[in-house]
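Analysis of the macromolecular model
Chain by chain, the residues:
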Amino acid sequence: MTNQQSITFDEPFVTEKGKTIPRPTVAYQSWGTLNSDRTNAVLVCHALTGNTAANEWFSGLFGPGNPLDSEEQFIICPNVLGSCYGTTGPASTNPNTGKPYRADFPEITIRDMVRLQQRLFDELQINSIEMVIGGSMGGMQALEWCIIDERPQSAVLIGMGKVHRPWAIGISHTQRQAIYNDPHWNDGYYSKDQPPKEGLALARMIAMISYRSDADYQHKFGRTLQDDTNHFEVESYLGYQGHKLVNRFDAVSYVRLTQAMDSHDVGYNRESYEKVLGDIQIPVMVIGIDSDNLYPVEEQYELVRLLDNSRYRRLKSPHGHDAFLIEFEQLNNIINPFLIETPTQTVNYL
Ligand SMILES: CC(=O)SCCNC(=O)CCNC(=O)[C@H](O)C(C)(C)COP(=O)(O)OP(=O)(O)OC[C@H]1O[C@@H](n2cnc3c(N)ncnc32)[C@H](O)[C@@H]1OP(=O)(O)O
Ligand SMILES: N[C@@H](CCO)C(=O)O
């Protein structure tokens, strides 16, 4: 992440639950140039284990004429609060102790992530956001931006809903239990040399099942055995994916970010879903993935019913929830016309 920058704020950040994080840092990457009015920003919000390198994990959406066009826009992708890719999180040094926060890093919410991003946008004097886009946890942030900030002029929400439903919370909970049960977890105060690797790997394996689909695994693996072993290929694949995450992610961050996703409920402490979502008047493109087992399309239909100026498009894919990181051609074909269309509501359950 050669292009990554960061800003540290002197003013402490107070979480929704009233905990104070002194001198929070926000890391981000950007592409393109802000225009003189500072109105051509496009905000890309990343998912659970994502980072500021949107040009890598959303690569197919970048380019002239595509939704992320750095010749026309100032594209910015901040790392979320609680993550481990530059923004303050559990692996960061706690200025009060000089040691990593670990489990002293407080529980945060999607709203906290967005409120800290607002500070970044204020600092950069960004007056308007042409589009805010995100899938999964990124979509939750994008939706929250539309609720609490006047700057977004359009939004693209992919593979999420108005709340984190019990099905998704249950899957998150199971993953956290895997981490808690690792002998090195130590209530989250693990040593740098002995992180809870097996627990985090198991959490990722559980997650990888929820991110994909029966058809995807059937097509990729069938019942084939891995090389000369007596293990199925899918077992080897999940083991590989689990241990790959261990090399790039922090276990307490994983716990705090999944808890933040569980907090996602746009109606919480607000008047009603009808009011909160009905008040959003900007054009919103809601994209559902037809094979998404984690956030099924009914959740996106519901969003479209509640968002006044919204339209629905289906992403047709065997890949399940993670299709938003794979099916770039379809995403471009959906988002490009949206960005030039007249904003009228077309509910189209294709
Ligand atoms: C929005 C965000 O912020 S997300 C940020 C980035 N997130 C990630 O990258 C998440 C992790 N990555 C992924 O989930 C996937 O790579 C995706 C979704 C990005 C792309 O999916 P696909 O192209 O379908 O990749 P797939 O799920 O098949 O995995 C391929 C990997 O599994 C490995 N693999 C495949 N079969 C097997 C097997 N039988 N045994 C062991 N390993 C295997 C491949 O070698 C490959 O490894 P590599 O990634 O190190 O090159
Ligand atoms: N595969 C994505 C999560 C999808 O919600 C990630 O690792 O961030």
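Residues numbered from 1 in each chain as written. Chains lettered and ligands numbered in written order. Predicted model: local features only at pLDDT ≥ 70, side-chain atom pairs only at ≥ 80, totals over all residues. Heavy atoms only, no water.

1. Focus: the site of ligand 2
- The immediate surroundings of ligand 2 are formed by A47, L48, T49, G50, S136, R204, Y211, H321, D322, F324 and L325.
- In the model, an oxygen atom of ligand 2 is placed 2.5 Å from a nitrogen or oxygen of the S136 side chain.
- Between a nitrogen atom of ligand 2 and a side-chain N or O atom of D322, the distance comes to 2.8 Å.
- When ligand 2 sits alone it has 260 Å² of accessible area, and the protein chains cover 94% of it.
- Classifying every residue of the shell around ligand 2 by side-chain character gives 5 nonpolar, 4 polar and 2 charged. (Near = heavy atom within 4 Å. Polar contact = N/O pair within 3.5 Å; in protein donor to acceptor, adjacent residues only side chain to side chain. Areas by Shrake-Rupley, 256 points an atom, 1.4 Å probe, with all protein chains shown as cover. Nonpolar A, V, L, I, M, F, W, Y, C, P; charged D, E, K, R; others polar.)

2. A short note on the UniProt feature "domain: AB hydrolase-1" (unreviewed entry) in the protein chain
- In the numbering adopted here, UniProt assigns the feature "domain: AB hydrolase-1" (unreviewed entry) to residues 40-325.
- The distance separating the terminal C-alpha atoms of residues 40-325 is 24 Å; by composition the span is 39% helix and 13% strand. (UniProt positions renumbered as here; feature names shortened; annotations may be inferred. Helix = DSSP H or I, 4+ residues; strand = E, 2+ residues; numbered from the N terminus.)

3. Let's talk about the domain arrangement of the protein chain
- The domain boundaries assigned to the protein chain delineate domain 1 (5-164 + 265-340) and domain 2 (168-262).
- The C-alpha centroid of domain 2 is placed 24 Å from the C-alpha centroid of domain 1.
- Counting residues at the interface gives 35 residues for domain 1, matched by 31 residues for domain 2.
- Carbon and sulfur atoms make up 60% of the area that domain 1 and domain 2 hide from each other, which totals about 2800 Å². (Domains from an automatic or database assignment. Contact = heavy atoms within 4.5 Å. Buried area = accessible area lost by both parts, 1.4 Å probe.)

4. Observations concerning the sheet that holds strand β5 (residues 41-45)
- Read from one edge of the open sheet, 8 strands run β1-β4-β6-β5-β9-β10-β11-β12, paired in mixed fashion. Edge positions in the sheet fall to β1 (5-8) and β12 (310-315), since each has one partner strand and no second. Averaged over all pairs of adjacent strands, the angle between strand axes in this sheet comes to 20°, irrespective of strand direction.
- Note: β5 against strand β6 (residues 74-78), 3 bridges, orientation parallel. Looking at β6, one finds that A41 is bridged to F74.
- Against the sheet, helix α3 (residues 137-148) touches β5, β9 (129-135) and β10 (155-158), its axis set at about 145° to β9. (Pairing = 2+ DSSP bridges. Axes fitted to C-alpha atoms, helices over the stretch in contact; angles between N-to-C directions.)

5. Description of the environment of Q73
- Position of Q73 among the secondary structure elements: in the loop between α1 (54-57) and β6.
- Q73 sits 236 residues away from N309 along the chain, and the two C-alpha atoms are 23 Å apart.
- Among residues more than four places away in sequence, those in contact with Q73 are W31, G32, T33, N40, V42, P67, L68 and E130.
- There is a polar contact of 2.7 Å between the side chain of Q73 and the backbone nitrogen of D69.

6. Here's the deal with the site of ligand 1
- In the vicinity of ligand 1, 20 residues are found, and the nearest of them are R212, S236, Y237, Y240 and K244.
- D322 has a polar side-chain atom sitting 3.4 Å from an oxygen atom of ligand 1.
- Taken by itself ligand 1 offers 1000 Å² of open surface, and the protein chains cover 67% of this.
- Among the secondary structure elements, those contributing two or more residues to the shell around ligand 1 are α5 (197-211) and α7 (233-246).
- A per-element tally of the shell around ligand 1 places α7 first, with 6 residues.
- Counted by class, the shell around ligand 1 contains 8 nonpolar, 5 polar and 7 charged residues.

7. What to know about unusual backbone geometry
- Although it is not a glycine, Q125 sits at a positive phi angle of roughly 55°.
- Along the chain, Q125 falls in the loop between α2 (110-123) and β9.
- Despite not being glycine, N186 has its phi angle at roughly 55°, a positive value.
- With respect to the secondary-structure elements, N186 resides in the loop between α4 (166-180) and α5.

8. A few points about the side chain of S136
- Along the polypeptide, S136 turns up in the loop between β9 and α3.
- Residue classification places S136 among the buried residues on the basis of a relative accessible area of 5%.
- A distance of 2.8 Å separates the side chain of S136 from the side chain of H321, its partner in a polar contact.
- When sequence neighbours within four positions are dropped, the list of residues in contact with S136 reads A47, I158, G159, M160, M261, Y295, H321 and F324. (Buried < 20%, exposed > 50% of the residue type's maximum accessible area, 1.4 Å probe, protein only.)

9. A word on the UniProt feature "binding site: substrate" (unreviewed entry) in the protein chain
- Per the UniProt annotation, the sites labelled "binding site: substrate" (unreviewed entry) are R204 and D322. A compact arrangement is adopted by the annotated residues: their sequence extent is 119 residues, whereas the largest C-alpha distance between any two is 13.3 Å.
- Here R204 shows up in helix α5.
- Aside from chain neighbours lying at most four places away, what touches R204 is T49, Y211, Q241, G242, L245, R248 and Y254.
- Its location among the elements puts D322 in the loop between β12 and α11 (328-340).
- Not counting chain neighbours up to four residues away, the residues in contact with D322 comprise M208, Y211 and R212.

10. Digging into the state of the cysteines
- The tally for this structure, following the rule as stated, stands at 0 disulfides.
- Looking at C84, it has no disulfide partner, and the nearest cysteine sulfur is the one in C77, 14 Å off.
- Accessibility expressed as a relative area gives 25% for C84, which makes it partly exposed.
- C146 takes part in no disulfide bond, and the closest cysteine sulfur to it belongs to C45, at a distance of 9.2 Å.
- Classification of C146 as buried rests on a relative accessible area of 11%. (Disulfide = S-S within 2.5 Å.)

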